Amino acid sequence: MKPSLSVALLLCLALVSLVVATTGEWGVPNADPEKKLRQCQSDCDKRERGQQQKSLCRSRCRQEYEREKGEGNKHEDKEEEKEEDENPYVFESEDFTSIVKSQHGRIGALPKFTDRSWLLRGIENHLLAIIELNPQAFITPFHADADCVLFVAQGRGAITILHEDNRESFNIEQGNAVRVPAGAPTYLINRDVNQKLYIIKLLRPVNLPGHAEPFHSAGGGGQDESFYEAFSWELLEAALKTDRRRLEKIFSQKQGAIVKASKEQIQSMSQGRAPGEGQAPGKAGSSFNLLTSPKISNNHGKLFEAKPEEHKQQLQDLDLAVTLANITRGSMLGPFYNSKATKISVVLEGEGYFEMACPHVRRGNRKSEEQRASYHKVRSELKQGTVFIVPAGHPVAAVASENNNLAILCFEVNAWDNTRYPLAGKNNVVKRLEREAKELAFGVKSTEVDQAFGNEEDEMFFPGPKGGRQGQGDLFVSE
Ligand SMILES: *[C@@H]1O[C@H](CO)[C@@H](O)[C@H](O)[C@H]1NC(C)=O
Ligand SMILES: [Cu+2]
């Protein structure tokens, strides 16, 4: 850049900020836009009631933030070079907001991923929720404007789904995954009298991208209504051939979205339905057991995998894979990367940490002009309930603490034809290079490359770093 030009630019920028500071056009002059964004979004959570309202409000905050930032950067480079200096890939229990909450349980959801960062716009139309049900709790019938896949992380339940021409009911327990089609009326019970039921739920909205709402047929309880109540009495009387007094009586008994069932009711709702009974993987039915046979298994861990190619009925149209990595204590998984799939990962049990190479996030000030590859180390502690995102192509590794196994559930988006490329161990990508390519790429003899990359014969799971880190487990979704 010519000196005169940069001086002109600087002047120009200074002028812009002067105008802004004096007119106070942006509200609080000179406020840190990141801080303003966070404040604005947390105000939304306090002010707005429905999940959708909250989410829309948060989106408006982000739009405002992007607009401001855009104006601030008017004279700078292309938008694609925008940089982030925080870690947008990790969410903790506090980031979940309650959609439904009662003394019997809770449904919490993460805000739309793009509310956090534009770097997550590849999974913009996916939402993550966690259902926590106390013993004997029942979620009353509802449907949602989203396709869902549920994973039972802990406990024993029973679920019923109404399809077009049949009603499907089955018991579910740890390791079961269930596909619930968009719009299908569903209800769910924790059939255990002691243990909580934890379900992790991935949603893909079918109506508004990144927004999903429950529709309750009976009253949701408290302030929640039945969608029937939105209609006028005349219309309902005519449609149901029932008089208004009877209807008023039914809809005035608000039970709540999560209620407690009696032992007898549970008994009769879970009769003779073995979990995943008679269902080989890939067979018809909404449910399958993820934990039947590991894809990879050695002393350092096990990997279970349900691919869209194999579980067509449940996963194909969502282009989704469900995987579970159970890393033995003191061991590690990876490094590896996914060719196409982006992982939405949830820590089910144990603790440890993960590290990921990311070219998008950088520390410090603007990068220099030279075009050289540089990868930021994204790193975070992991504990029960931590959610972290691993975009496609990004090399990642996870390490379990010395004390406990680290179990990580992943919903993998864009999974059809995905390949896991190992970066260490048997068949790692460097080991598989031709001799000449090794020498040309590393500038040393290929035997030296082999000495570095050819030692580990295990696959995917290895002994962890010495002096592994330790941490404390935490409650799942605590608020
Ligand atoms: C992980 O493996 C351990 C040891 O085999 C087992 O006790 C635990 O239940 C597993 N966790 C999950 C979530 O499968
Ligand atoms: Cu990145």
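Predicted model only: the values in this text are computed from it and were never measured. In this convention, every chain numbers its residues from 1, walking through the sequence in written order. Chain A is the first chain written and ligand 1 is the first ligand written, with later ones labelled in order. Selection of residues for local features in this predicted model requires a pLDDT of at least 70, selection of side-chain atom pairs for listing and counting requires 80 or more, and totals for whole chains, interfaces and linings are taken over all residues. Side-chain figures throughout are based on the complete set of non-hydrogen atoms in the structure, without hydrogens or water.

S.K.: What am I meant to see in the overall build of the protein here?
M.R.: Each helix is a run of H or I in the DSSP string that is no shorter than four residues. Each strand is a run of E no shorter than two, and both are numbered from the N terminus. Each helix and strand in the protein was counted, giving 10 helices and 26 strands. Buried residues are those whose accessible area, probed at 1.4 Å on protein chains only, stays under 20% of the maximum for their type, while exposed residues exceed 50% and partly exposed ones sit between those limits. Looking at the protein residue by residue over its 479 residues, the buried ones come to 44%. For the protein, the proportion of contacts with a sequence separation of at least 24, taken over those separated by at least 6, is 76%. Carbon and sulfur atoms make up 50% of the accessible area of the protein, which amounts to about 24,700 Å² in all. Should any heavy atoms of two residues lie within 4.5 Å, those residues are considered in contact. All accessible areas in this document rest on Shrake-Rupley with a 1.4 Å probe, and a residue is counted as covered only by the protein chains that are shown.

S.K.: Whenever I open this one, the nonpolar core confuses me. Can you help?
M.R.: Nonpolar side chains tend to gather and get buried jointly when the protein is soluble and globular. Of all hydrophobic cores here, the largest spans 58 residues; its most connected members are L128, I344 and F411. Here the element with the most residues in this core is strand β24 (residues 406-413); it accounts for seven residues. Ignoring sequence-local partners within four residues, the contact set of I344 consists of F113, I123, H126, L128, L202, V387, F388, I389, L409, C410, F411 and V413. Buried residues of nine kinds, namely Ala, Val, Leu, Ile, Met, Phe, Trp, Tyr and Cys, make up a nonpolar core once their side-chain atoms join them within 4.5 Å.

S.K.: In this structure, what is going on with the pattern of salt bridges? I would like to understand it.
M.R.: Any Lys or Arg side-chain nitrogen located within 4 Å of an Asp or Glu carboxyl oxygen qualifies as a salt bridge. Under the definition given, this model contains 14 salt bridges. Linking R179 and D147 is a salt bridge whose minimum nitrogen-to-oxygen distance equals 2.9 Å. One end of the pair, R179, is in strand β9 (residues 176-180); the other, D147, is in strand β6 (residues 146-154), and 32 residues separate them in sequence. Neither R179 nor D147 differs from the other in exposure class; each is buried. Across the pair R244 and E248 runs a salt bridge whose closest N-O atoms are separated by 2.9 Å. Of the two residues, R244 and E248 both sit in helix α6 (residues 244-252), four residues apart, roughly one turn of that helix. Judged by its relative accessible area of 37%, R244 falls in the partly exposed class. A single salt-bridge network, built from bridges that share partners, covers D147, R179 and D317.

S.K.: Teacher, can you tell me more about the sheet that holds strand β14 (residues 287-289) here?
M.R.: A pair of strands is labelled paired if DSSP reports no fewer than 2 bridges between them. Read across the sheet, seven strands follow the order β2-β3-β4-β11-β6-β9-β14 without closing on themselves; strand pairing throughout is antiparallel. Bordering the open sheet on either side are β2 (97-102) and β14, each of which pairs with just one other strand. With strand direction ignored, the average angle separating the axes of adjacent strands in the sheet is 15°. Two elements, strand β3 (residues 105-109) and strand β4 (residues 127-133), share five bridges in a ladder whose sense is antiparallel. Counterpart to G108 in the pairing with β4 is I130. To obtain an axis, a line is fitted to C-alpha atoms, over the contacting stretch when the element is a helix, and the angle between two such axes runs from 0 to 180 degrees between their N-to-C directions.

S.K.: Looking at this model, I keep getting lost on a nonpolar patch on the surface. Mind explaining?
M.R.: A contiguous nonpolar patch, built from L433, F442 and V444 and spanning about 220 Å² of accessible area, is present on the exposed surface. Inspection of the secondary structure assignment puts V444 in the loop between α9 (435-442) and α10 (446-453). A relative accessible area of 33% places V444 in the partly exposed class. Residues with no salt bridge and a relative accessible area higher than 30% make up the patches, which join like charges within 9 Å and nonpolar side chains (Val, Leu, Ile, Met, Phe, Trp, Tyr) within 5 Å.

S.K.: Explain the site of ligand 1 here, please?
M.R.: Looking at ligand 1, the residues that line it are N326, E349, N405 and A407. Taking N326, its side chain carries an N or O atom lying 2.3 Å from an oxygen atom of ligand 1. Between N or O atoms, a polar contact is any pair within 3.5 Å; within protein, one atom must be a potential hydrogen donor and the other a potential acceptor, and residues adjacent in sequence are included only when both atoms are from side chains. A distance of 3.2 Å separates an oxygen atom of ligand 1 from a polar atom in the side chain of N405. Burial of ligand 1 by the protein amounts to 55% of the accessible area it has alone, namely 360 Å². Consider each residue's heavy atoms; a residue with any of them within 4 Å of a molecule or strand counts as near.

S.K.: Teacher, can you tell me more about the side chain of R179 here?
M.R.: With a relative accessible area of 7%, R179 lands in the buried category. Not counting residues within four places of it along the chain, the set of residues in contact with R179 comprises D147, C148, V149, I161, S286, Q313, Q314, D317 and L318.

S.K.: Where do I start with the sheet that holds strand β1 (residues 90-91) in this structure?
M.R.: Sheet strands pair by backbone hydrogen bonding; their relative direction is either parallel or antiparallel. If you walk across this open sheet you meet the seven strands as β1-β22-β19-β24-β17-β16-β15, and the pairing is antiparallel. One side of each edge strand has no neighbouring strand; the edge strands of this open sheet are β1 and β15 (296-298). Inspection of the sheet shows strand β19 (residues 342-349) paired to strand β22 (residues 387-390) by four bridges, in the antiparallel sense. By the bridge assignment for β22, S345 is matched with F388.

S.K.: In this structure, what is going on with the state of the cysteines? I would like to understand it.
M.R.: Note on terminology: a disulfide is the covalent bond linking the sulfur atoms of two cysteines. Disulfides are defined in this document as cysteine sulfur pairs within 2.5 Å. On inspection of all chains with the given rule, the structure shows one disulfide. Across the disulfide from C40 sits C61; the S-S distance is 2.0 Å. Here the S-S torsion is close to -75°, and the disulfide linking C40 with C61 is therefore left-handed. Of this pair, C40 sits in helix α2 (residues 33-47) while C61 sits in helix α3 (residues 51-72), and the two are 21 residues apart along the sequence. Overall, C40 belongs to the partly exposed group, its relative accessible area being 29%.

S.K.: Just checking my understanding: could you explain the coordination of the copper ion (ligand 2) for this structure?
M.R.: The reference angle at a metal is 109.5 degrees if four donors form a tetrahedron and 90 or 180 degrees if six donors form an octahedron. With water excluded from the atoms, a metal site may look incomplete; its donors are any N, O or S atoms within 2.8 Å, or within 3.2 Å for Na, K and Ca. Bound to the copper ion (ligand 2) on the protein side are C358 (SG), H360 (ND1) and H394 (NE2), at distances that span 2.0 to 2.2 Å. Among the residues examined, H360 registers a relative accessible area of 35% and is labelled partly exposed.

S.K.: Honestly, the side chain of R106 in this entry has me stumped. Any pointers?
M.R.: Along the chain, the position of R106 falls in strand β3. A distance of 2.7 Å separates polar atoms of two side chains, one belonging to R106 and the other to S98.

S.K.: Mind showing me how you'd approach the confidence of the model for the protein here?
M.R.: Predicted coordinates in regions of low pLDDT should not be interpreted in detail. Residue-level confidence of the predictor, termed pLDDT, takes values from 0 up to 100. Across the protein, the average pLDDT comes to 82, with 80% of residues at or above 70. Across residues 275-284 the pLDDT falls below 50, and counting only partners more than four positions away or on other chains, this stretch makes 15 contacts in the model. The low-confidence segment residues 468-479 (pLDDT under 50) makes 35 contacts with residues lying over four places distant or belonging to another chain.

S.K.: What is the right way to read the environment of Y65 from this model?
M.R.: Relative to the elements of secondary structure, Y65 occurs in helix α3. Considered as a pair, Y65 and L37 are 28 residues apart in the sequence and their alpha carbons are 6.2 Å apart. Those residues in contact with Y65 that sit more than four places away from it in its chain are P33, E34 and L37.

S.K.: Could you clarify how one ought to interpret the pairing of β9 in this entry?
M.R.: The two faces of a sheet get side chains in turn, since along a regular strand they alternate between them. In terms of residue burial, β9 counts as a mostly covered element, since five of its five residues are buried. By the alternation rule, side chains of β9 split into N176, V178 and V180 and A177 and R179, which are all buried. Sheet analysis places β6 next to β9, joined by four bridges and oriented antiparallel. If you follow F151 over to β9, its bridge partner there is A177. Judged from the three bridges that link them, β9 and β14 form a sheet pairing that is antiparallel. Note that in β14 the partner of V178 across the bridge is S287.

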